[in-house]
Amino acid sequence: MNKLAKLMESMTYEDLLLLQKDFERGNLHSILEKRIKERQANRITLCPVCSSPVKEGEGYHLQFGDPSLRKKATFDGIDCLQYFLTKIKK
């Protein structure tokens, strides 16, 4: 069982009714969108070439592969991107 279901089991009837109202009004959707954007902004990935940490939205991004299996790589610098491109050509 997921965390949300467990949390809902421990809620009072009144809290469940309030949650239902928020759900019907679309408040939960907007809260989820906001929290996901906040988490993505603080997400850190590693450069696949040198393993340096790269904050989301920074660095250089490359999307490659078949459209049904699209992959994304984030590089900390142009030198790592160039190195990756030369290796992928071989």
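Please refer to the structure higher up on the page.
Residues numbered from 1 in each chain as written. Predicted model: local features only at pLDDT ≥ 70, side-chain atom pairs only at ≥ 80, totals over all residues. Heavy atoms only, no water.

Draft legend 1. Region of the structure containing the overall build of the protein. Assigned secondary structure in the protein consists of four helices and four strands. The linear arrangement of helices and strands in the protein, starting from the amino end, is α-α-α-β-β-β-β-α. Here the C-alpha atoms of the protein give a radius of gyration of 21 Å, more than 25% beyond the 12 Å that 2.2 N^0.38 yields for 90 residues. Counting only C-alpha atoms and orienting by the principal axes, one finds that the protein spans roughly 60 × 25 × 25 Å. Evaluated residue by residue, the protein yields a buried proportion of 11% over its 90 residues. Taking as baseline every contact in the protein between residues at least 6 positions apart, the subset at least 24 positions apart corresponds to 24%. Summed over its atoms, the accessible surface of the protein is roughly 7700 Å², and 56% of this surface lies on carbon and sulfur atoms. Positive and negative side-chain charges in the protein, numbering 16 and 12 respectively, have mean positions lying 8 Å apart. (Helix = DSSP H or I, 4+ residues; strand = E, 2+ residues; numbered from the N terminus. Rg over C-alpha atoms; globule rule 2.2 N^0.38 Å. Buried < 20%, exposed > 50% of the residue type's maximum accessible area, 1.4 Å probe, protein only. Contact = heavy atoms within 4.5 Å. Areas by Shrake-Rupley, 256 points an atom, 1.4 Å probe, with all protein chains shown as cover. Lys, Arg positive; Asp, Glu negative; His and termini not counted. Charge placed at Lys NZ, Arg CZ, Asp CG, Glu CD.)

Draft legend 2. Here's a closer look at the nonpolar core. Of all hydrophobic cores here, the largest spans seven residues; its members are Cys47, Val54, Ala73, Phe75, Cys80, Leu81 and Phe84. Those elements that provide at least two residues to this core are β4 (71-75) and α4 (78-89). No other element matches the three residues that α4 contributes to this core. With sequence-adjacent residues up to four places away left out, Leu81 is seen in contact with Tyr60, Leu62 and Phe75. (Core = buried A, V, L, I, M, F, W, Y, C linked by side-chain atoms within 4.5 Å.)

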